[in-house]
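Fold and contact review
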Amino acid sequence: MIVVACLETPAPSRASRTALDLAVALAGEAQVIALCAGGPPGSPSLALAASCAAVSRVLHIDDPVLAAADVLTLGSVLAQAVRFLGAGLVVAGDRSEDEGQGLVPAALA
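I will try to describe carefully the structure that is included in this document.

Cut-offs applied
- Residues numbered from 1 in each chain as written.
- Predicted model: local features only at pLDDT ≥ 70, side-chain atom pairs only at ≥ 80, totals over all residues.
- Heavy atoms only, no water.
- Helix = DSSP H or I, 4+ residues; strand = E, 2+ residues; numbered from the N terminus.
- Rg over C-alpha atoms; globule rule 2.2 N^0.38 Å.
- Buried < 20%, exposed > 50% of the residue type's maximum accessible area, 1.4 Å probe, protein only.
- Contact = heavy atoms within 4.5 Å.
- Areas by Shrake-Rupley, 256 points an atom, 1.4 Å probe, with all protein chains shown as cover.
- Lys, Arg positive; Asp, Glu negative; His and termini not counted.
- Charge placed at Lys NZ, Arg CZ, Asp CG, Glu CD.
- Pairing = 2+ DSSP bridges.
- Axes fitted to C-alpha atoms, helices over the stretch in contact; angles between N-to-C directions.
- Polar contact = N/O pair within 3.5 Å; in protein donor to acceptor, adjacent residues only side chain to side chain.
- Expected span 1.5 Å × (residues − 1).

**As for the overall build of the protein**
Each helix and strand counted, the protein has 4 helices and 4 strands in total. When the elements of the protein are put in sequence order from the N terminus, they spell out β-α-β-α-β-α-β-α. The globule rule puts the C-alpha radius of gyration for 109 residues at 13 Å, and the 12 Å found for the protein is close to it. Structurally, the protein occupies a C-alpha span of about 35 × 25 × 25 Å along its principal axes. Residues classed as buried in the protein amount to 37% of the 109 residues present. In the protein, the share of contacts with a sequence separation of at least 24, taken over all contacts with a separation of at least 6, comes to 71%. Accessible area of the protein: about 5900 Å², with a carbon and sulfur share of 56%. Counting 5 positive and 10 negative side-chain charges, the protein places the averaged centre of each group 4 Å from the other.

This is how it looks when you write it as structure tokens:
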């Protein structure tokens, strides 16, 4: 099974870190992939994912359009990536610390 952990960019929230921890806990039974959309290539979210030995791949969707994307667009982009990866389980933080709305995970679903 493939587990995808979606992380916020540029910096992961506590909720995103918890989602990554959950995905890593499943690493014995699954391949763990960390996925970020937007943000700079050297973001703290990407560095955090790369530092986890249980994460087999770190994917960054790097498109300048994502900087101004609305919630539905960002959720749709992440959903397409998750489908392409063939994920059996997707984990994400419930809401960002900045806005606190939790709309991207809902849009991804």
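The structure having been displayed, the exposition proceeds.
**Considering the sheet that holds strand 3 (residues 55-61)**
The sheet built from 4 strands is open, its strands ordered 3-2-1-4 with parallel pairing. At either margin of the open sheet sits one strand with a lone partner, and together these are strand 3 and strand 4 (89-92). Going from strand to strand, the sheet's axes swing by 20° on average, the running direction of each strand aside. Where strand 1 (residues 2-7) meets strand 2 (residues 31-37), 6 bridges bridge the pair, whose relative direction is parallel. Looking at the pairing, V4 lines up with I33 of strand 2. Along the sheet, helix 1 (residues 14-25) contacts strand 1, strand 2, strand 3 and strand 4; its crossing angle with strand 1, the most-contacted strand, is approximately 165°.

**A word on the side chain of S16**
By secondary structure assignment, the location of S16 is in helix 1. In terms of polar contacts, S16 uses its side chain to reach the side chain of E8, at 3.4 Å. For S16, the contacting residues outside a window of four places in its chain are C6, L7, E8 and G93.

**Structural notes on unusual backbone geometry**
Glycine aside, a negative phi is what most residues show, and trans is what most peptide bonds show. For the peptide bond that leads from T9 to P10, omega is 5°, which places it in the cis range. With respect to the helices and strands, the residue P10 is situated in the loop between strand 1 and helix 1.

**Describing helix 1**
Helix length check: helix 1, at 12 residues, gives a terminal C-alpha distance of 16 Å against a target of 16 Å (1.5 Å per residue), a fit within 8%. Those residues of helix 1 that are buried lie in contact with strand 1, strand 2, helix 2 (44-51), strand 3 and strand 4.

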